[in-house]
Amino acid sequence: MSVYSLLPIYRQPERVRSWCNSFQATYFTGRHYVRWIAGGVTFIGILWFIVLPSLFGHGQPMGAPFHGLGPPPSPHHPAPLKSPLHGTEVGVEDPPLRLPQSPSSSARADAVRDAFLHAYKGYTQYAWGYDELRPKSGGRANTFNGWSITLLDALDTLWIMDLRDQFYEAIPTVANKSFLTEDKFAPFFETVIRALGGLLSAYALSKEPILLTRADDLGKALLPVFNTTSGLPMYAVNMATGATRKSWSVDAFWAEMTSCQLEYKYLAHLTGRKDYFDRVDHIMDIMHNMSATIDLYPTQWSIEEGKPTNKKISVGAAADSGYEYLLKQYLLTARAEPRVGEMYLKSARAIIENLFFLSPNRKLLYVTDMNRRTVTRTFEHLSCFLPGLFTLGTKMIDMPPSDRELHEWAARGLAYTCYVSYADQPCGLGPDEMVMDPWLTNDGSSGRWIDHVNAWKEEGKPGGVPPGLHEPPPVKGGGIRDYRIKKNDYLLRPEVVESLYLMWRTTGDERWRERGWEIFQAIEKHAWTAYGFASLRGVDRETPAKLDEMPSYFLAETLKYLYLLFVEEDIIPLDRWVFNTEAHPLPVFEWSQWEKVQYKIPF
Ligand code: DMJ
């Protein structure tokens, strides 16, 4: 299996880009023999990755990890199966989530469901048994372990969209999976958020017992990752042998180590297995000790020492869901673990004070990274989950009124910038990464948002609208934008529509829905293919190019959040369900008396 395929999918392009940079540096500055070697490597690369796959392959991923370059085996279609439970009440005490008779009361929700069906049908017809569909070529790819990650990721969306036939048709395939005996390395973080989270959510919604059994198998098989000196999890584990390994580049990313509590704590609650709770809560012990001296957590850590190894602070890749899981853990266990709630509030304040900036002309509010004390001004699509998290926090937890107001403003301003990063582009879809222009004035002020807010308050709040919340109109075509695009791909990512959904649900402001509708229409227009939907390259063009990729999170997250944005009924009430970072809703639960004693949870 190609180790490349173990990389978190959203980091693969970055890695390829950095290879390209080193190649350029070597080729154009090297001696003669270096150029010959570089030329040879390029030739072999073109032969291996482009010529051979086009002759023999069929949309296979680079290196075709599991199935070689020959023609793929014919796709397996599940035999249509009607569960005896289909359409009937399952259990009296603990029924599955009941959908209203007509969840399609909104035509927009219907349109999103049709889009989902199109993508799901493409997957079942052309990529069944594989991880992901190749939406341009109609091929398939094992981008993870070949455990049908798209299916596991899409199960709960099927249920939420009331696609019960498809849901029950998929159950035998899930039932026949054997995670425990697979002689393959599973990347811990991605497997937890997509596969484990997907199974648990589908179980919570449907109460189909096999889903819990498979979740328990998977949870158990992943446990060896915690057998480290610090107890922080390794990057990947071989499910058959229990051998573990680190990632290529660093020991561990903070987000990847710290985004497993929702899944494992819920699994501990369902199965009574103390080990599940202890292993993931130990990570929180380490972070809690650390929080005595720091409010924000560096992005890279040593697994042996349980300490940070760099000084980069971010809410984007490598950090994002770490902050998300502080608030969400607190909510999932019905606020039983106050320390994580406190850690969330502390980190949210520090994020606002240190990482929130205004752009120089349009005064767009954005969030960025700090490396040592240097502000990078990079603004990632991935960071656009943050307005959703902040607005959720303002509605769900106690905080001083001044903090609540600040969080609300931060959420509103940043959600608008995330939206406008789409609306500015000729195709209506936003870039994966931008670099914001520097704040350049002679008056000694900086672009740090909190300074502008404080000054505005001291001046008696002129105009009544806080800095960064003016919502300047989109700039299509020419005009001053205040940023340059660093990575012009639209990768079907969910973060912007996730925040639009949460902004709408928590504020009732219909403008967030309208903005979501614009985005959905742009997805239909540009990303649709005969087989599914494709990631795009060149959002700065009228017609971006299609890439042959449809990541599983498009079905798990992007289309689910869009559907929930438009459907009239509150299908997943935010006070009763908590979305994991892959948009799999898990039900809020209370620890029972014996669990509190066993797990040492304060009464
Ligand atoms: C998803 O797999 C998850 O949301 C993860 O936390 C980071 N982002 C990707 C999709 O962009």
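None of these values were measured; they are calculated from a predicted model. (Residues numbered from 1 in each chain as written. Predicted model: local features only at pLDDT ≥ 70, side-chain atom pairs only at ≥ 80, totals over all residues. Heavy atoms only, no water.)

**Q** Tell me what's going on with the site of the ligand, and back it up with residues and numbers.
**A** Taken together, Arg194, Leu382, Arg493, Pro494, Glu495, Tyr553, Glu557, Thr581 and Glu582 make up the full set of residues near the ligand. Here Arg493 contributes a side-chain N or O atom positioned 2.8 Å from an oxygen atom of the ligand. Take Glu557: an N or O atom from its side chain is 3.1 Å from an oxygen atom of the ligand. Relative to its unbound accessible surface of 290 Å², the ligand loses 98% to contact with the protein. Split by residue class, the shell around the ligand holds 3 nonpolar, 1 polar and 5 charged. (Near = heavy atom within 4 Å. Polar contact = N/O pair within 3.5 Å; in protein donor to acceptor, adjacent residues only side chain to side chain. Areas by Shrake-Rupley, 256 points an atom, 1.4 Å probe, with all protein chains shown as cover. Nonpolar A, V, L, I, M, F, W, Y, C, P; charged D, E, K, R; others polar.)

**Q** An account of the sheet that holds strand E3 (residues 185–187) is needed here, citing residue identities and associated values.
**A** Within the open sheet, the 3 strands sit side by side as E3-E4-E5. Their pairing is antiparallel. Looking at the sheet topology across the chains shown, the edges are occupied by E3 and strand E5 (244–245). In terms of strand pairing, strand E4 (residues 236–238) meets E5 through 2 bridges, oriented antiparallel. Paired with Ala236 across the strands is Arg245, a residue of E5. (Pairing = 2+ DSSP bridges. Helix = DSSP H or I, 4+ residues; strand = E, 2+ residues; numbered from the N terminus.)

**Q** Tell me about helix H11 (residues 320–332), and name the residues and values.
**A** In a regular helix each residue adds 1.5 Å, so 13 residues correspond to 18 Å; H11 covers 18 Å between its end C-alpha atoms and thus fits that length. Helix geometry: H11 is bent most strongly at Leu326, by close to 30 degrees. Summarising burial for H11: 13 of the 13 residues are buried, a large majority. Looking at the residues trailing H11, positive phi occurs at Ala334, about 50 degrees. (Expected span 1.5 Å × (residues − 1). Bend = angle between axes of the 7 residues up to and from the residue. Buried < 20%, exposed > 50% of the residue type's maximum accessible area, 1.4 Å probe, protein only.)

**Q** Lay out the packing of aromatic side chains with the relevant residues and their values.
**A** In the structure shown here, the tally under the stated rule is 33 aromatic pairs. Between Phe277 and Trp591, the ring centres sit 5.4 Å apart and the planes meet at 85 degrees, which makes this aromatic pair edge-to-face. Linking Phe277 in helix H10 (residues 274–290) with Trp591 in the loop between strand E21 (585–587) and helix H19 (593–599), this pair joins segments that are 314 residues apart in sequence. Across the pair, exposure class does not vary: Phe277 and Trp591 are buried alike. The ring centre of Trp159 lies 3.7 Å from the NZ or CZ of Arg164, which sits over that ring. (Phe/Tyr/Trp six-rings, centres within 6.5 Å; stacked < 30°, edge-to-face > 60°. Lys NZ or Arg CZ within 6 Å of the ring centre and 35° of its normal.)

**Q** Give me the state of the cysteines: which residues, what numbers.
**A** Each disulfide consists of a covalent bond between the sulfur atoms of two cysteine residues. Within the structure shown, the criterion is met by 1 disulfide. Cys384 shares a disulfide with Cys418; S-S distance 2.1 Å. An S-S torsion of about -95 degrees defines the bridge between Cys384 and Cys418 as left-handed. Here Cys384, found in the loop between strand E14 (378–380) and helix H13 (386–396), pairs with Cys418, found in helix H14 (residues 401–423); they are 34 residues apart in sequence, far enough to count as distant. Each member of the pair, Cys384 together with Cys418, is buried. (Disulfide = S-S within 2.5 Å.)

**Q** Describe the nonpolar core, and please don't skip the residues or the numbers.
**A** Burial of nonpolar side chains together is a common tendency in soluble globular proteins. Within the largest apolar cluster, 179 residues are counted, with the highest numbers of intra-cluster contacts made by Met287, Phe356 and Trp449. Contact partners of Met287, with chain neighbours within four places excluded, come to Leu232, Trp254, Met257, Thr258, Tyr297, Trp301 and Met343. (Core = buried A, V, L, I, M, F, W, Y, C linked by side-chain atoms within 4.5 Å. Contact = heavy atoms within 4.5 Å.)

**Q** Now, about the sheet that holds E14: what can you tell me, with residues and values included?
**A** Ordered in space as E14-E15-E16, the 3 strands form an open sheet in which the pairing is antiparallel. Single-partner strands in this sheet number two, and they are E14 and strand E16 (483–487). Here the strands of the sheet are splayed against their neighbours by 30 degrees on average, with no regard to which way each runs. Pairing of E14 with strand E15 (residues 433–436) involves 3 bridges; the strand directions are antiparallel. Within E15, the position partnered with Phe379 by the bridge is Met434. (Axes fitted to C-alpha atoms, helices over the stretch in contact; angles between N-to-C directions.)

**Q** I'd like a description of the packing of H13 against helix H16 (residues 495–507), backed by residues and values.
**A** For the pair H13 and H16, the least separation of the axes is 7 Å and the interaxial angle reads 20 degrees. In terms of orientation, H13 lies roughly parallel with respect to H16. Crossing geometry of H13 relative to H16 is assigned as left-handed. Contacts from Leu386, Pro387, Gly388, Thr391, Leu392 and Lys395 in H13 reach Ser499, Leu502, Met503, Thr506 and Thr507 in H16. (Parallel < 35°, antiparallel > 145°, perpendicular 65-115°, else oblique. Left-handed = near helix turned anticlockwise from the far one by under 90°.)

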